[in-house]
Structures are given as C-alpha cells and as structure tokens.
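Analysis of the macromolecular model
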Amino acid sequence: MSSKARSFFILFLACSLLIGSFAFLALAEDKEPVKIGIVLPMSPPGAYNTGTKMYRAAQLAASKVNDSGGILGGRKVKLILVDSRGMPEQGKAAVERLITKEKVVGIIGNYHSGVALAQMPILKKYHIPYICAEAWDDRVTSKGQEEVFRISITTSMYTQIAVDWMKAVGFEKVYLLHENTAYGEWLKGYFSEQLDATDIEYKNVMADPKTQDFTSTLLRIAQWEPDLLFGDVTGPASFSLLKQSKNTGLAPTPDTAYYGSITLLNSKEFWESAGENGKYTVVSRIALPPTVESEMAKEVQKKFKETYDRDMTPQAMEGYDAFMLMVEAMKSAESTDADAVIHALENIKWDGVRGTYQFPYGSDNPVPEDMPDYMWHQFPDVTCYLLEYTEVGQTPTEAPVIWPPEWASDVVGSDYYIPVPEE
Amino acid sequence: MYTADYFLMQGMSGLVLGSLYALMALGLTLIFSVLKVINFAHGEFYVIGGYISYFLLSLVAGIPPIFGVLASMVGLFFLGALVEGTLLRPIHLGQVDRPDEYAILITFGLSFLFQNLLLSVCGPFPKTPPSFLQGGWRIGVMMISYDRIIAAGIAIGIMTLMMWLVRSTWSGQALRAVSQNKDAASIVGINPLRMNTLAFAIGSALAGGSGALVAPVFSMAPDAGVVPSIRSFIIVVLGGMGSIKGAIIGGLIIGLIETLGTAVIPDPSRALAYKRVYGLIIFALVLLVRPQGLFGEEE
C-alpha cells in the first residue's frame, strides 16, 4: 500500500470512528431513562408501613418494564422516591424537587389526602401528569385539575358500600370510631349523611391515630350496647383497638360485630397481634375478589409475595398499577410530553391488577351534571368488597367474602355476616 | 346511666395504666436526679425494649413472656451504660463549653437516630409479642385483660424493688448522694462518674422494661415512643424533677385522670380527643401552687 493510500485509509478510519462516536453518543442520549417520581410517606409521622408497601410494588412494576426492554424505543424507566413523611409541606417540597431537580416527566403516589391536596398547585404550576394512587378525599379530583388522575376509591364511595352492608345485615345500633384526621373527618361526614337516610341509630367518636389505649372509651361504648362497632383507625392503633375491644368484652362478640380498618388486611401483623381475638372481624378490601381476578393479577401478587414475603395489599396493588398506568400512557402517547401523556390517560383502557382502568370523564367528556364532581379523571369502577376472618392465620384472600351479594361466599348465604358463636 | 361496676372498671383500668406510666417516668426521673440531664431519647429506649422482647419471644419458641421483659431490661441497661459512657461523659468531664445545650442536642439526636434505625432494622410494620396470659377478669359485660393486670403487677414489683435498692443498698445510697451533692459524694469516696453511668443504665432499663410490658397490649412501631415519652416528661415535672416518689404518684394520677376524664365527660368525642389534656390541666394547676412539683424540693 502506497503512503498516499495508507494516509487515506487512516483518515477514513479516523472519520469512521468519529462518526461512530457521535452516533453512539446520540444513541446514548436517546436512551436516557424516563424518570417517574413517586411521593409516599416513608417515615414517621406518616403512614410509613403503607408507603413502604406501595413503593415496593412500584419498584416491582419498574423492574418488569425494564426487564421487558423499557419504553419509547428501549429507554429504561427510573423510579425516583421522595419521602413526604405524611406532611403536606414536605409533600409539596418533594414534588417541587422531583420536577425541578430530578426532571421527572410524571409523578405517582400519595397515601395522605392532605399531602395530595397540598401538592396539586405545584403540579399545576409545572404542568406534570400525576396519578394519585391512594388518597381518598373527594376533593383530589373534584377540583377538575387537568394534571390529576385518581385510581383509588373516594371517601363517599367507600362509606356508601359500608352503609349498604349495614342495612342488608339489619344492624340497628352502630357506633363509629374514626380517627381525628382529615380522612376521619370526611368519613364521619359521609357516614352521618348516609346513615341519616336510614333507620340505623348511630353515634360516633373521634380518636387520635397515635392513641395506644382505647379501653376507657371502649368501656363507655359498651354501655350503649351497639350491635356493630366500626373501628376505622389506621396504622398500628388499629391492632390495639381491635385487641382492646375484644379484651373489654365489647366486640367481636355474639352481641356486637366488629368492622375494622383496612390496616387489618396486613394479615401477618394482624394475626400476630390479634390471635384468636381477630376471628369474626370484618374488613373491606378495595380490590377484586380472588374468584374474579385475572391471571395477570394473580401473577403479580405471586411475584410480590415471592419477592417480599408478604401478601400484596390493595394499596400495594395501587402502587403497582399507578406506575404501570403512567408507563402505559407514555407508551400510548409515544412521548413523555405532559399534554400528550394527559391526553393518553384520558383515553386509556388498560388491564391492571385491580381491574380495567379508564377515566371516562375529562376534558373531552366533562362530568355530567347528575354525577358527583369527583368523577373528573376518577377511575369509576373501583371494586370494594367486605370479608370476614373466620380462622386464625387466614389471609384476606382466603377469608369468606360477605358483601356485595354477587361475590358473597356460599358460607355466608343471604345473612351477609357470620355471627360470633355463643360460648 | 353509669353503674358502680363501670366506675370500678374504669378506675382499675386507670390504675393499671398509671403504674405502667409510672415505671417509665421513674427511669426518666432517676436519670435527671443524678445526671441533671433530660433524656429526650427515653421514648426510643421504651420502644427498643418492646422490640427486644418481641424478637426474643419470636426466636425462642415456648419461652415464658416474662423472659422478654428481663431480656429487655438487661439489654437496655447495657445500651444505657454505653450511651452514657460515650456520649454524655464529656459533660461531666468538663469537656464541653455548653453542657446543657450539648445534652439536649445529643439526646434529641439519639431519639431521631434510634427511630430511623428501628425503621431500617426492624421494618415499618408493627410488632406484637405474645400475651402473658389470654383472657381477662370480667365484671358484668366488661372485662379487663390479664395482660394488663400482669403488666401492672410486674411494674409495681419493679418499682418496689427500685425503692428498696435506692433506700437500702450502698449503690442506691451512693446514687442519692450524687443526686444531692456531687462534690460531697466524691469526698466520701463515691465515684460520681460511675454513679452517672449506673443511673443512666438503670433509667434506660426501666424504660425498656416498660416497653416490653406494654408491647403485648399496644404493639410496637418505630415511632411508638413519642407519646409515652412526652407523658413521662409531664409526670416527672408533676411529681417533682428527680423525685422517685413523685414519679410513681404522678404516674398513677395521670393514669387515673386520663381514664376517668375519658369515662365521664359527656361528649365521648371530646372526652377522648382531650385525653392528654386532662393530665396537662392537673399539671398546670399543681405547678401554679407548687412550682417544684408534688414532691420536688425548692431550689
């Protein structure tokens, strides 16, 4: 090879390398991960045990997406967590940080309604799509904010299901014990409104969710002789409340039924704390009953159990579904642009763990006048059923379903409640 | 209309709670009387006690739950000694310029550290060790669980033992001497530094024992020590800072007032919501009349 040809060959090689490098860099630029933020209570005073489960489920979802090749031409998804500690101010700062520093293109999360409501103006300011996984306050969606979608149940939906069950069983005297948080206050309001429309006599009491000892109040409630005690206090206090209710001889007993909070779905801790006292406790589970769950839902729950050695609670399912839904919207929009993602969410129909998600009411199809305002960007088909633990160690999916009638187990019949046997 | 049985049951419940409150406050007051330090991490020692009991009883199947209480007290005794010997010792060696602020910062810092360590190590889910004894003592339709009665009985036993130790043993007298006058105590051959460690270790052990006693009733979570810790401060000030008798009587008073207030105030929601306020009202009234607390000594 002549020296001229050699020089030409070297120049050609150098140019090829240079072009290749640019191409590689450009490709790498394209393969920047898609960042999705998640804000949850991960430490006190927030509901950190629920936050942890929701985060774990979202991590599982992120792994699934990445293992199957990512989205938008092979880009990985990156889940970025910021702890709200269940405090509105910290929740606001968390969202601001995710948007301005981490440059996320979508946000999911929340357990505390107060935090979700505080974050909404920030989401509006930066115009970032947001899927609210577990804040029940009707106002989260009733404000009609463009960026906000919700897949959880709302407070008014939840209370209606409970009141329908109370009427069907024929309870006459109901004592409701709520927590003195925004959630509890709303629950109290909706229950009062709905129970006023029935013949059920009721009383209520509000308790600090940090309360450890309810004995004095329970002894007092026992004097009124209710036939149902509705003990809706979340977090560790829910275990203490049930145990103390049983230990004071109030409920669950042959005379008084006990309806506990969704925290009691954590079967591992529930049975460890309650033991025999936990039998005949009624709990609502905001998910599809196992008999009608899809194969995909069963697989996800199995994977969660294998990974974390815990049953997947409905809140964890919401963490999983919220993440997947955001990803599906981006896939459908073929972009991470906020307007495109919001438009995709408004038109989405996607099968998740807790059912087929869609948001029928939004900018193209406003909420009709005869429907409540909170139906804006609200997943309307949230399923909620009531189960009753009948054996020590039962998981929520093993316990008989007692309500609604279409899903009720054979053992319940048309009574919709299995009474505590007389000793 | 409330019956006599109702008040008997509420009174019993108040005394049971009060004795558990008193045990925890006793540890706090002992630490203050000897070291002149307010331990803001006392609530976390209480929680660690509950966790030690839980893990021991979970790991060693069939072991009587009382061993959980003993293990917690022993574990917290050594943890307390370690904390005092390493983090608080500089105060008493004159190595820090502003000892009061230093003590506050160190114990506050420990409180946050332990809360977050517990969250990382033990997980976010509440833990409940097995019951001392299933069932309860029934009057009419009401019942008080054996767990509570046994916990209160053990708490009273520990407090009696503590009173005896402080009054009748050499170490107890040495602790009292250091609490009254450190310099005079050293002149008669008592090592105040050693007494500081002993007081902090015993105080921590009492908090741990108290946590282990209530864990079967209340469940333990990383932040479960916050409310009991605040209540203990109230009891200690009510009874008189540094007074052992004051901590015990103060604990019983707060337990009874909280329970009876919740039992009789006409509106049950307010009655429960203001549960912690009843103690504060008594606390404020007592301080108005006796600023040094019920059994405290004037400066």
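Residues numbered from 1 in each chain as written. Chains lettered and ligands numbered in written order. Predicted model: local features only at pLDDT ≥ 70, side-chain atom pairs only at ≥ 80, totals over all residues. Heavy atoms only, no water.

Right, let's talk about the overall build of chain B for a bit. Counting its secondary structure elements, chain B contains 12 helices and two strands. The C-alpha atoms of chain B give a radius of gyration of 19 Å, which matches the 19 Å a tight globule of 299 residues would have. Each of the three principal axes of chain B carries a C-alpha extent, and together these read 60 × 50 × 35 Å. Here chain B holds 299 residues, and 55% of them are scored as buried. Across chain B, every contact between residues at least 6 apart in sequence was considered, and the portion connecting residues at least 24 apart equals 73%. When the accessible surface of chain B is split by element, carbon and sulfur atoms take 69% of a total near 12,700 Å². Chain B carries 16 positive and 14 negative side-chain charges, and their two centres are separated by 6 Å. (Helix = DSSP H or I, 4+ residues; strand = E, 2+ residues; numbered from the N terminus. Rg over C-alpha atoms; globule rule 2.2 N^0.38 Å. Buried < 20%, exposed > 50% of the residue type's maximum accessible area, 1.4 Å probe, protein only. Contact = heavy atoms within 4.5 Å. Areas by Shrake-Rupley, 256 points an atom, 1.4 Å probe, with all protein chains shown as cover. Lys, Arg positive; Asp, Glu negative; His and termini not counted. Charge placed at Lys NZ, Arg CZ, Asp CG, Glu CD.)

Attention shifts here to the confidence of the model for chain A. On average, residues of chain A score 91 in pLDDT, and 93% of them reach the 70 mark or higher. Confidence drops under a pLDDT of 50 for residues 24-29 of chain A, and excluding neighbours within four residues, the segment shows zero contacts in the predicted structure. (pLDDT = per-residue confidence, 0-100.)

To continue, consider the domain arrangement of chain A. Residues and elements named next belong to chain A. For chain A, the assigned domains are domain 1 (34-153 + 294-375) and domain 2 (156-285 + 384-407). For domain 1 and domain 2, the distance between their C-alpha centroids amounts to 28 Å. Every contact between the two is made by 20 residues of domain 1 and, on the other side, 20 residues of domain 2. The junction of domain 1 with domain 2 conceals about 1,600 Å² of combined surface from both sides, 55% of it contributed by carbon and sulfur atoms. (Domains from an automatic or database assignment. Buried area = accessible area lost by both parts, 1.4 Å probe.)

Residue and element names in this part refer to chain B. When its volume is computed, the second largest pocket comes out at roughly 860 Å³. Along the wall of the second largest pocket there are 28 residues; nearest its centre are S179, M241, G242, S243 and E297. A total of five residues in the lining of the second largest pocket trace back to one element, the largest contributor, which is helix α6 (residues 170-180). Taken together, the residues of the lining of the second largest pocket break down into 11 nonpolar, 10 polar and seven charged. (1 Å grid on protein atoms, 1.4 Å probe; cavity = no way out; pocket = protein on both sides within 12 Å on 5 of 7 lines; lining within 4 Å. Points joined across faces, edges and corners; volume = space filled by probe spheres on them. Nonpolar A, V, L, I, M, F, W, Y, C, P; charged D, E, K, R; others polar.)

Attention shifts here to the pattern of salt bridges. This model, assessed by the stated rule, comprises 19 salt bridges over all chains. The closest approach of N and O atoms between K92 of chain A and E89 of chain A, which form a salt bridge, is 3.9 Å. One end of the pair, K92 of chain A, and the other, E89 of chain A, are both in helix α3 (residues 88-100), three residues apart, so they sit about a helical turn from each other. What makes E89 of chain A exposed here is its relative accessible area of 57%. Connected via shared salt-bridge partners are D213 of chain A together with R148 and K275 of chain B. (Salt bridge = Lys/Arg side-chain N within 4 Å of Asp/Glu carboxyl O.)

Quick look at the nonpolar core now. Within the largest apolar cluster, 116 residues are counted, with the highest numbers of intra-cluster contacts made by W165, M166 and F323 of chain A. The element contributing the most residues to this core is helix α12 (residues 314-333) of chain A, with 11 residues. Each of domain 1 (34-153 + 294-375) and domain 2 (156-285 + 384-407) of chain A contributes no fewer than three residues to this core. Within the second largest apolar cluster, 70 residues are counted, among which are L35, I91, A174 and L175 of chain B. (Core = buried A, V, L, I, M, F, W, Y, C linked by side-chain atoms within 4.5 Å.)

Further remarks concern the interface of chain B and chain A. With 48 residues of chain B in contact, the opposing surface of chain A contributes 36 residues. Roughly 3,600 Å² of surface becomes buried between chain B and chain A when both sides are summed, with 50% attributable to carbon and sulfur atoms. Between R148 of chain B and D213 of chain A there is a salt bridge whose closest N-O contact spans 2.5 Å. One can count 18 residue pairs in polar contact (both at pLDDT 80 or more) joining chain B with chain A. (Polar contact = N/O pair within 3.5 Å; in protein donor to acceptor, adjacent residues only side chain to side chain.)

Bringing the sheet that holds strand β3 (residues 106-109) of chain A into the picture now. Residues and elements named next belong to chain A. With respect to topology, five strands assemble into an open sheet ordered β2-β1-β3-β4-β5, the strand pairing being parallel. Each edge of the open sheet is held by one strand with a lone partner, namely β2 (77-83) and β5 (148-150). Strand after strand, the sheet turns through a mean of 25° between neighbouring axes, direction not considered. Those strands touched by helix α2 (residues 48-67) are β1 (34-40), β2 and β3, and its axis lies near 165° from that of β2. (Pairing = 2+ DSSP bridges. Axes fitted to C-alpha atoms, helices over the stretch in contact; angles between N-to-C directions.)

Turning to the sheet that holds strand β9 (residues 257-260) of chain A, a few remarks are in order. All names here are of chain A. On the basis of which strands lie adjacent, the open sheet formed by seven strands has the order β7-β6-β8-β9-β10-β13-β14 and mixed pairing. Each edge of the open sheet carries a strand with a single partner, namely β7 (201-207) and β14 (401-403). Neighbouring strand axes in the sheet, compared pairwise and without regard to direction, differ in orientation by 25° on average. Examined bridge by bridge, strand β6 (residues 173-179) and strand β8 (residues 228-232) share five bridges and lie parallel to one another. The partner of V174 across the bridge, within β8, is L228. Along the sheet, helix α9 (residues 237-247) makes contact with β6, β8, β9 and β10 (281-285), crossing β9 at roughly 175°.

The subject of this paragraph is the side chain of D213 of chain A. Looking at the element boundaries, D213 of chain A is found in the loop between β7 and α8 (215-224). Here the side chain of D213 of chain A touches R148 of chain B through a polar contact of 2.5 Å, side chain to side chain. In this structure D213 of chain A touches Q244 of chain A together with L17, R148, F218 and K275 of chain B, once residues within four positions along its chain are discounted.

Right, let's get into the packing of aromatic side chains. Residue and element names in this part refer to chain A. By the definition in use, this model includes 27 aromatic pairs over all chains. Judged by centre distance (6.3 Å) and plane angle (70°), the rings of W165 and Y417 are edge-to-face. Note that W165 is positioned in helix α6 (residues 155-169) and Y417 in the segment after β14, a separation of 252 residues in sequence. By relative accessible area, Y417 is classed as buried at 11%. (Phe/Tyr/Trp six-rings, centres within 6.5 Å; stacked < 30°, edge-to-face > 60°.)

Turning our eyes to something else, we now look at the packing of α9 of chain A against helix α10 (residues 267-274) of chain A. Residues and elements named next belong to chain A. Running from amino to carboxyl end, α9 crosses α10 at an angle of 35°, the nearest separation of the two axes being 10 Å. Read as a crossing pair, α9 and α10 show a hand that is right-handed. Residues F239, L242 and K243 of α9 touch α10, and the partners they reach there are E269, F270, S273 and A274. Class assignment for the residues of the contact of α9 with α10 results in four nonpolar, one polar and two charged. (Left-handed = near helix turned anticlockwise from the far one by under 90°.)

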